[in-house]
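# Commentary on secondary and tertiary structure
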Amino acid sequence: SAERHLTTYLGRLPRDPEPVALHLIPKSGLREGLWMDFLETVRACQSLESPNLTSVLEVDRFEESFVIVCRHVKKAIYLDALIQRVRRLKLSEALRILGELASGLADLHNANLVHRDLKPQRVVLSPTGGVLITLAGVTSRPEDAAAGVFGSAHWAAPEICKGQLGDARSDVYALGAIGYELVTGIRPFEGESFGDLAAQHRIEEVIPPHRVMNALPADVGDLLTWMLSKSPKERPDAAQVVRTVQEVSSKVERSGTTQKFQAFNPEE
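Residues numbered from 1 in each chain as written. Predicted model: local features only at pLDDT ≥ 70, side-chain atom pairs only at ≥ 80, totals over all residues. Heavy atoms only, no water.

Moving on to the environment of Asp-144. Here Asp-144 lies in the loop between strand S8 (131-133) and helix H5 (158-161). The class for Asp-144 is partly exposed, based on a relative accessible area of 45%. With 49 residues separating them in the primary sequence, Asp-144 and Ser-193 have C-alpha atoms 7.3 Å apart. If near-sequence neighbours (up to four positions away) are discounted, Asp-144 is found in contact with Ser-193, Phe-194 and Gly-195. (Helix = DSSP H or I, 4+ residues; strand = E, 2+ residues; numbered from the N terminus. Buried < 20%, exposed > 50% of the residue type's maximum accessible area, 1.4 Å probe, protein only. Contact = heavy atoms within 4.5 Å.)

Rendered as structure tokens:
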């Protein structure tokens, strides 16, 4: 697969029967805007063990590229592919994925690392139900973004859209945007360009999830809007998200809440 400044191949290391993913980042990509500290983050991930982070096996240089070698999960799919297939997940499954992603972020943040570009394309789902975050620290500047802005438009926190350096709370905002789409079937904001989306992230309040999905438990909507707070200081940290998801999930299970919500009609 390939995305801007990143090409991924599947292969195997010598004397290792398990498949690996080789991510190639050209040095020109660094000049185009990849954060220069990304190698430090990726190398730190080599010693980081977490059930919700893909294992980084090697980081090296090959000709005019940097190579990141990660363990590949057989028959896995990326979260964006699942969203395209089903559009909106069953609430209990959406909460499970949200909680596991929050757990992975908590492990990353506890090691003083920041993902910088969390999005569905960076989430791997294993056939056994595992949820794994990949490629922490790898991000680039959108083509139509101002200098100093790094990330992906639909998941970029307001402070990132202002050109500030993203931190752990910026990752939580991105996770909130992912959770919003998993639960409601739509993204918090839509636009034709990074500029359009950046303005919305900075200024506009997200439509409350319970207005998008009738009968959505209030606790779920409150959690998502909390994560999508405009001010980083007002957002929970990843560990708080993990605890809140556990509390919300247990209530949903006890109440037997149906997952067949009716989409909100703006004309009503």
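Ranked by size, the top nonpolar core spans 71 residues in total, and within it Ile-68, Leu-79 and Leu-175 carry the most contacts. Looking at this core, the element that brings in the most residues is helix H4 (residues 91-110), giving 10 residues. Aside from chain neighbours lying at most four places away, what touches Leu-175 is Leu-98, Leu-101, Ala-102, Leu-105, Leu-118, Met-227 and Val-241. (Core = buried A, V, L, I, M, F, W, Y, C linked by side-chain atoms within 4.5 Å.)

On average, residues of the protein score 87 in pLDDT, and 89% of them reach the 70 mark or higher. Here residues 258-268 is a poorly scored stretch, pLDDT under 50, and it has 20 contacts once near neighbours within four places are set aside; other chains count. (pLDDT = per-residue confidence, 0-100.)

On to unusual backbone geometry. Backbone geometry places Arg-15, a non-glycine residue, at a positive phi of 60°. Here Arg-15 lies in the loop between strand S2 (6-12) and strand S3 (19-26). Although it is not a glycine, Arg-116 sits at a positive phi angle of roughly 85°. Its location among the elements puts Arg-116 in the loop between H4 and strand S7 (123-125). Relative accessible area serves as the criterion here: at 14%, Arg-116 is assigned to the buried category.

This next bit is on the pattern of salt bridges. Tallied over the full model, the rule gives eight salt bridges. Glu-93 is paired through a salt bridge with Arg-96; the nearest N and O atoms lie 2.8 Å apart. Of this pair, Glu-93 and Arg-96 both sit in helix H4, three residues apart, which is roughly one turn of the helix. Accessibility expressed as a relative area gives 29% for Arg-96, which makes it partly exposed. In this structure, Glu-181 and Arg-187 form a salt bridge, with 3.7 Å as the shortest nitrogen-oxygen distance. We classify Arg-187 as partly exposed; its relative accessible area is 26%. (Salt bridge = Lys/Arg side-chain N within 4 Å of Asp/Glu carboxyl O.)

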